[in-house]
Amino acid sequence: MIPNSFYKKFVIFVFLVLVYLFGNNIQYFFIYADFVNTLNKIQNCTDGKIIDRVLYGSNFDSYTKQGFNNPQNFDHIKKFNSNGDLIDSWGIKGSKDGQFLHPHGIGSDSQGNIFVSDAVLCNIQKFDKNGKFLLKFGKRGNGPGEFLQPESIAIDKNDNVFVVDYVGSHIQKFDNNGNFITMWGSKGNGTNQFMKPWGIGVESKGYVYVGDQENPVIQKFDNNGNFIKKWGSYGPKAAQFVHIHDITLDSADNVYVTDGRDNSRVEKFDSNGNFITMWGSKGSDKGQFIEDHGIAVDKSGYVYVADTRNVRVQKFDSSGNFITMWGSLGCKNDQFLIPHDITISPDGNIYVSDSGNVHFRQNYMCSP
C-alpha cells in the first residue's frame, strides 16, 4: 500500500512542474479549464476547441492557423452606451475589409471614427461610428508604415494616429488617412528605447505617453517623438509596475495606467509623473481585476477598464470608486471572449475590441 505522504509529495511535484512550464499562465489554466464546455454550448460559437494556449504549448501556432481559437460567427467590435447597454457590433473573423483575425488596439478621433489594430493582419482599419469600413493601412514589416505586431492606438486632438508596435519596439505616427508621418524608438532599456511597448496615450497638449511591459516605465515624448521624461520602476508599491498594459488621459491631463497580472490595478498620475492614487487588486469581485488591459476616461471623468480575464468592463469615478460593470463570457453580441482595448467617442459611446481568442499570445509574430 502506498502511503499518503507519497501522494502529497507527488501532487506538490506536479504542481511545481506546471508552474515551471507555464509561469504566470498557470493561474489561467485553472480559471479557464471550466470555460471550454461552456463555450461549446453557447449560441453562435461554431468552433468548439476554444481553449487557453497553455493547453497547446509549442503547437499553439498550428492551432491558431487552423482557426480553432476564433469562432466564425462573432463580432469583434462592440459598441455600448455609458451604462453598458449594447448599441451595435461588427467585424467577424476574416482578412477582408472590415474583418479581423486578432483585433487589439482601438481609438476614436474627433469625428467619432474608430481605428482598430490587427496584430495578425498587421494593419489598422478605420470605420465610421456605425461600423462602416472606410480605409485601412499598414502591412507586415519593420519599416515606415509597416508593423510586426501593432497593439495599442492613441489619437491626438489633430486626429493624428499613434500606433505601438509591440515586436518592432517603436511608435509610428500617421495622419487621419493613414499616411505615415514619423516613427521613433528601438529595442533596449534606455531613453527612447522599448523592450515590449504596449500602452500609449496622448494628452491635450500633444504629449505622448508610452508604457513598456518588460521595462516597466512610462516615457513621455513630444508629438514628434522627442523624449521629455520617464518615471516608474518594477515592483508592487505606488508608482511601480509589473506588467503595464494601457495608458489613457483625462481632460485635466492626468495619466491612468493599467498594471495587469500580479498588481492587477489602475494607477493615476499627473502629467509630470507624480503619483495621485491607485485602486484594484487581483480577483473577480467589484473593483478587482484579472488582467486589466484597456482603459479610457469620458468627458465626465468616469474611468472604464477592460477587465480582460474576468470578461467584463468596469466603470469607476476618477478616484477609483466602483460604479457599475457589464459583460459575461460568450459569443453573443453583448458578451465577450477576450475584451482587450476600449475607447470612447465624442458622443460618449464606449467601443470595446475583442480578440475573440481565449488565450494570450506571447512573442507572437504577425502571419505572412
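Up top is the structure.
Please read all numbers here as calculations on a predicted model, not as lab measurements.

Conventions used here
Residues numbered from 1 in each chain as written. Predicted model: local features only at pLDDT ≥ 70, side-chain atom pairs only at ≥ 80, totals over all residues. Heavy atoms only, no water. Salt bridge = Lys/Arg side-chain N within 4 Å of Asp/Glu carboxyl O. Helix = DSSP H or I, 4+ residues; strand = E, 2+ residues; numbered from the N terminus. Buried < 20%, exposed > 50% of the residue type's maximum accessible area, 1.4 Å probe, protein only. Contact = heavy atoms within 4.5 Å. Pairing = 2+ DSSP bridges. Axes fitted to C-alpha atoms, helices over the stretch in contact; angles between N-to-C directions. Phe/Tyr/Trp six-rings, centres within 6.5 Å; stacked < 30°, edge-to-face > 60°. Lys NZ or Arg CZ within 6 Å of the ring centre and 35° of its normal.

> Would you mind showing me how to read the pattern of salt bridges here?
Pairs can form between side chains of opposite charge whenever their charged atoms are close. The final tally for this structure, using the stated rule, is nine salt bridges. Note that lysine 196 is salt-bridged to glutamate 214, the shortest N-O span being 3.5 Å. Linking lysine 196 in the loop between β14 (193–194) and β15 (197–202) with glutamate 214 in the loop between β16 (208–212) and β17 (218–221), this pair joins segments that are 18 residues apart in sequence. Judged by its relative accessible area of 18%, lysine 196 is buried. By relative accessible area, which is 45% here, glutamate 214 ends up partly exposed. For the salt bridge of aspartate 259 with arginine 265, the shortest nitrogen-to-oxygen distance reads 4.0 Å. Relative accessible area serves as the criterion here: at 0%, aspartate 259 is assigned to the buried category. On the basis of relative accessibility, which here comes to 6%, the residue arginine 265 falls in the buried class. By sharing partners, the salt bridges in this structure join Asp259, Arg265 and Glu267 into a single network.

> Looking at this model, I keep getting lost on the environment of threonine 191. Mind explaining?
Inspection of the secondary structure assignment puts threonine 191 in the loop between β13 (186–187) and β14. For threonine 191, a relative accessible area of 42% puts it in the partly exposed group. The sequence separation of threonine 191 and lysine 230 amounts to 39 residues, and the corresponding C-alpha distance is 8.2 Å. When neighbours within four sequence positions are excluded, threonine 191 is seen to be in contact with Gln219, Phe227 and Lys230.

> Explain the sheet that holds strand β29 (residues 339–344) here, please?
Pairing between the strands of a sheet comes from backbone hydrogen bonds, and it takes one of two forms, parallel or antiparallel. Read from one edge of the open sheet, four strands run β2-β1-β30-β29, paired in antiparallel fashion. A strand with exactly one partner marks an edge of an open sheet, and here the two such strands are β2 (86–90) and β29. Each strand axis lies, on average, 20° off the axis of its neighbour in the sheet, ignoring direction. In this structure, strand β1 (residues 77–80) lies alongside strand β30 (residues 350–354), joined through four bridges in antiparallel fashion. Across the sheet, residue isoleucine 77 finds its bridge partner in β30, namely serine 353.

> Hey, could you run me through the environment of asparagine 142 in this one?
Counting through the fold element by element, asparagine 142 comes out in the loop between β7 (139–140) and β8 (146–147). Asparagine 142 sits in the partly exposed class, given a relative accessible area of 46%. Not counting chain neighbours up to four residues away, the residues in contact with asparagine 142 comprise Leu148, Gly168, His170 and Met183.

> Looking at this model, I keep getting lost on the packing of aromatic side chains. Mind explaining?
Each pair of aromatic rings is reported with the distance of its centres and the angle of its planes. A full pass over the atoms with the stated rule returns 22 aromatic pairs. Plain terms: the ring middles of phenylalanine 100 and phenylalanine 127 are 5.9 Å apart, the flat faces sit at 50° to each other, and that makes the pair tilted. Linking phenylalanine 100 in the loop between β2 and β3 (103–108) with phenylalanine 127 in strand β5 (residues 123–127), this pair joins segments that are 27 residues apart in sequence. Here phenylalanine 100 matches phenylalanine 127 in class, with each residue buried. Residues phenylalanine 174 and phenylalanine 180 carry aromatic rings whose centres are separated by 6.0 Å and whose planes lie at 75° to one another, so their mutual orientation is edge-to-face. For phenylalanine 174, a relative accessible area of 1% translates into the label buried. By way of ring pairs, the aromatic residues Trp90, Phe100, Phe127, Phe133 and Tyr351 are connected into one cluster. Above the plane of the ring of tyrosine 207 lies lysine 220, whose end atom (NZ or CZ) is 4.7 Å from the centre. The side chain of lysine 315 reaches across the aromatic face of tyrosine 302, ending 4.6 Å from its centre.

Just geometry here; none of it tells us what the structure is for.
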